[in-house]
Amino acid sequence: MNASDRTPADLLRSALAADPARPLITFYDDATGERVELSVTTFTNWVSKTANLLQGDLAAEPGDRLALLLPAHWQSAVWLLACSSVGVSVEIGGDPAAADLVVSGPDPDVLAAARACGGERVALALRPLGGRFPQPPQGFMDYAVEVPGQGDRFAPYAPVDPDAPALTVGGTELTSAELVARAGADAGERGLAPGSRLLSGLAYDSWEGLSAGLYAPLVAGGSVVLCRNLDGLSAESLEQRVASERVTDRAV
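What you see is a predicted model, and the numbers here were worked out from it, not measured in a lab. (Residues numbered from 1 in each chain as written. Predicted model: local features only at pLDDT ≥ 70, side-chain atom pairs only at ≥ 80, totals over all residues. Heavy atoms only, no water.)

**Student:** Is there a simple way to think about the pairing of strand S9 (residues 172-175) in this case?
**Tutor:** In the case of a regular strand, side chains alternate between the two sheet surfaces. Across four bridges, strand S8 (residues 165-169) lies against S9 in antiparallel orientation. Residue pairing in the sheet places Val 169 in a bridge with Thr 172 of S9. Between the end of S8 and the start of S9, which pair antiparallel, lie two residues, with Gly 170 showing a positive phi angle near 60°. (Pairing = 2+ DSSP bridges. Helix = DSSP H or I, 4+ residues; strand = E, 2+ residues; numbered from the N terminus.)

**Student:** I tried to follow the environment of Ala 9 on my own but got confused; where do I start?
**Tutor:** Relative to the assigned elements, Ala 9 resides in helix H1 (residues 8-18). Taking the C-alpha atoms as reference points, Ala 9 and Thr 44, separated by 35 residues in sequence, lie 9.6 Å from one another. If near-sequence neighbours (up to four positions away) are discounted, Ala 9 is found in contact with Leu 81, Ser 84 and Ser 85. (Contact = heavy atoms within 4.5 Å.)

**Student:** Could you clarify how one ought to interpret the side chain of Thr 175 in this entry?
**Tutor:** Within the secondary structure layout, Thr 175 lies in strand S9. Since its relative accessible area comes to 14%, Thr 175 is described here as buried. Ignoring anything within four residues of it in the chain, the contact list for Thr 175 reads Pro 162, Asp 163, Ala 164, Pro 165 and Ala 166. (Buried < 20%, exposed > 50% of the residue type's maximum accessible area, 1.4 Å probe, protein only.)

**Student:** Looking at this model, I keep getting lost on the pairing of strand S2 (residues 34-39). Mind explaining?
**Tutor:** Bridge count for strand S1 (residues 23-29) against S2 is six bridges, and the pairing is antiparallel. Across the sheet, residue Phe 27 finds its bridge partner in S2, namely Val 36. In this antiparallel pair of consecutive strands, S1 and S2, the connection spans four residues, and Gly 33 shows a positive phi of 85°.

See below:
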């Protein structure tokens, strides 16, 4: 983190400049056996493509509100950083009817709720390797179909205001600057430093989960081992993962 970093997008740019090849997110889904590792470079590429989709195809602007209806997942982290890059404010589990845009996972009940959004609707299949839906949900853009053709570099039409609302979770609204400061404080409390590996099995529906599963490791120059459905893993298997992934801290 540089002293001038005041938005999550700033943090990602600093990470890319410092060590683009290092791992940033290692994702496990213990219900499917999926494992994927994204370097800073690869993650930034996904963020740029998604931000271009947001700003271009979806016509999102700074100040727009996006309801994010996704679990803890590497693609959820991509959307959070893409929104930060454009200046779109994200509400975790927000009311689609009150949002300008909605991003939904594949659960039928979640998709049904997301249809209340009168703006653009995007659906993610959350399949391994970012796979698309076999049959796209009616009324939704299939993220996996649209994002590959987007540009690998992103430039916002308007500068992102660090003091504008950026994230609402658990009823608390944070500006970009407040988010970065809070994540920095969390990283300090955990003793995270460059090279730290934080294993998180927490959901993305609370600040604690978002901080451990993305923001605090990003601030610190570390990385996250993000685990979905971790409760399906035995204690022995968890310890094996901790060892193989060189985990230095846990949030489970």
